[in-house]
Amino acid sequence: VLRIENLCEDFAFAVFIYNRWGQLVFSSMTNQKATWDGFINGEPSSDGTYFVQIVYQLEGITKTANGSVQLLR
């Protein structure tokens, strides 16, 4: 399980997870936490690298953080 938590309740954020082909496999818009269980449409995702993008707004400016996560089963 991948869990991304917001420790500052003053702003919301969006999380997008893409597979290696750039297809969106998960998204969440929240102000608390986003949790991805490694499933896509109820089916287990394949092993591999997934790319994570977090979009948030701070002091009126939209910012993006990018990273990756390795899914192992």
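Structure shown above.
Conventions and cut-offs
- Residues numbered from 1 in each chain as written.
- Predicted model: local features only at pLDDT ≥ 70, side-chain atom pairs only at ≥ 80, totals over all residues.
- Heavy atoms only, no water.
- Helix = DSSP H or I, 4+ residues; strand = E, 2+ residues; numbered from the N terminus.
- Buried < 20%, exposed > 50% of the residue type's maximum accessible area, 1.4 Å probe, protein only.
- Contact = heavy atoms within 4.5 Å.
- Areas by Shrake-Rupley, 256 points an atom, 1.4 Å probe, with all protein chains shown as cover.
- Lys, Arg positive; Asp, Glu negative; His and termini not counted.
- Charge placed at Lys NZ, Arg CZ, Asp CG, Glu CD.
- Polar contact = N/O pair within 3.5 Å; in protein donor to acceptor, adjacent residues only side chain to side chain.

> Account for the overall build of the chain, naming residues and giving values.
For the chain, the helix and strand inventory stands at 0 helices and 8 strands. In the chain, the succession of α and β elements from N to C terminus is β-β-β-β-β-β-β-β. Referenced to the eigenvectors of the C-alpha coordinate spread, the extents of the chain come out at roughly 40 × 20 × 20 Å. Sorting the 73 residues of the chain into buried and exposed places 27% on the buried side. Put simply, of all contacts in the chain between residues at least 6 apart along the chain, 46% involve residues at least 24 apart. Here the chain has roughly 5200 Å² of accessible surface; of this, 49% comes from carbon and sulfur atoms. The chain carries 5 positive and 7 negative side-chain charges, and their two centres are separated by 6 Å.

> Residue-level account of the side chain of Ser-45, with values.
On the secondary structure map, Ser-45 appears in the loop between strand S6 (43–44) and strand S7 (48–58). Using a relative accessible area of 5% as the deciding quantity, one classes Ser-45 as buried. Polar contacts involving the side chain of Ser-45 include one to the main-chain carbonyl oxygen of Gly-38, which spans 2.7 Å. When neighbours within four sequence positions are excluded, Ser-45 is seen to be in contact with Trp-36, Gly-38, Phe-39, Ile-40, Tyr-50, Leu-71 and Arg-73.

So, to be careful, I would describe these as geometric facts and stop short of saying anything about function.
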